[in-house]
Amino acid sequence: MKIIDWLADENNRGTLKKASYITLFIVFVADFFVHRHHATFIWDNIPGFGAVYGFVSCIVIIRVSKALGHAVLMKKEDYYD
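Fair warning: this is a prediction, and the values are worked out from it, not measured in the lab.

Caption draft 1: Summary view of the overall build of the chain. Along the backbone of the chain there are three helices and zero strands. In sequence order, the secondary structure elements of the chain are arranged as α-α-α. Over its C-alpha atoms the chain spans a radius of gyration of 19 Å, topping by over 25% the 12 Å that the globule rule assigns to 81 residues. Considering only C-alpha atoms, the chain reaches an extent of 65 × 35 × 15 Å along its principal axes. Going through the 81 residues of the chain one by one, you find that 6% of them count as buried. When the accessible surface of the chain is summed, it comes to about 7600 Å², and 67% of that surface belongs to carbon and sulfur atoms. Put simply, the chain has 9 plus and 8 minus side-chain charges, and the middle of one group is 5 Å from the middle of the other.

Here it is in structure tokens:
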């Protein structure tokens, strides 16, 4: 069985979601153990900021692109008629 078929299977959605949440949690917790002696910006000293910022950024990109697609880019079915 190919990995793409396994990822696309609806029966594996719960497993993939759990694995994603566990990975996000591990990255978040691991950030508390990183030594920050050369932090450039103030937010570089906040543990977990990169993981939270990345997660929130992904959610915002998905929401904005879906809104843009539905509001502007998508046409009605009879657009070319």
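Caption draft 2: Expanded view of the packing of aromatic side chains. One pass over the structure, following the stated rule, counts three aromatic pairs. Relative to W43, the ring of F41 lies with its centre 4.9 Å away and its plane at 10°, an arrangement referred to as stacked. In this structure F41 comes out as partly exposed when scored by relative accessible area, which is 45%. Judged by centre distance (5.6 Å) and plane angle (15°), the ring pair of F49 and Y53 falls under stacked. Of the two residues, F49 and Y53 are both situated in helix 3 (residues 49-73); the distance of four residues between them amounts to about one turn of the helix.

Caption draft 3: Main features of a nonpolar patch on the surface. A surface patch of nonpolar side chains, amounting to about 690 Å² of accessible area, comprises Y21, L24, V52, F55, V56, I59, V60 and V64. Among the elements of the structure, helix 2 (13-30) and helix 3 are those that each provide at least two residues to the nonpolar patch.

Caption draft 4: Representation of the confidence of the model for the chain in the model. Per-residue confidence for the chain gives a mean pLDDT of 87; residues scoring 70 or more make up 98%. At the level of individual helices and strands, the chain shows its lowest average pLDDT in helix 1 (residues 3-8), which scores 85, and its highest in helix 3, which scores 91.

Caption draft 5: Representation of the packing of helix 2 against helix 3. Where helix 2 contacts helix 3, the two axes come as close as 8 Å, and the packing angle between them is 145°. Between helix 2 and helix 3, the residues in contact are L24, V27 and F28 and A51, V52 and F55, respectively. Taken together, the residues of the contact of helix 2 with helix 3 break down into six nonpolar, no polar and no charged.

Analysis parameters
Residues numbered from 1 in each chain as written. Predicted model: local features only at pLDDT ≥ 70, side-chain atom pairs only at ≥ 80, totals over all residues. Heavy atoms only, no water. Helix = DSSP H or I, 4+ residues; strand = E, 2+ residues; numbered from the N terminus. Rg over C-alpha atoms; globule rule 2.2 N^0.38 Å. Buried < 20%, exposed > 50% of the residue type's maximum accessible area, 1.4 Å probe, protein only. Areas by Shrake-Rupley, 256 points an atom, 1.4 Å probe, with all protein chains shown as cover. Lys, Arg positive; Asp, Glu negative; His and termini not counted. Charge placed at Lys NZ, Arg CZ, Asp CG, Glu CD. Phe/Tyr/Trp six-rings, centres within 6.5 Å; stacked < 30°, edge-to-face > 60°. Patch = residues over 30% accessible without salt bridge, like charges linked within 9 Å, V, L, I, M, F, W, Y side chains within 5 Å. Salt bridge = Lys/Arg side-chain N within 4 Å of Asp/Glu carboxyl O. pLDDT = per-residue confidence, 0-100. Axes fitted to C-alpha atoms, helices over the stretch in contact; angles between N-to-C directions. Contact = heavy atoms within 4.5 Å. Nonpolar A, V, L, I, M, F, W, Y, C, P; charged D, E, K, R; others polar.

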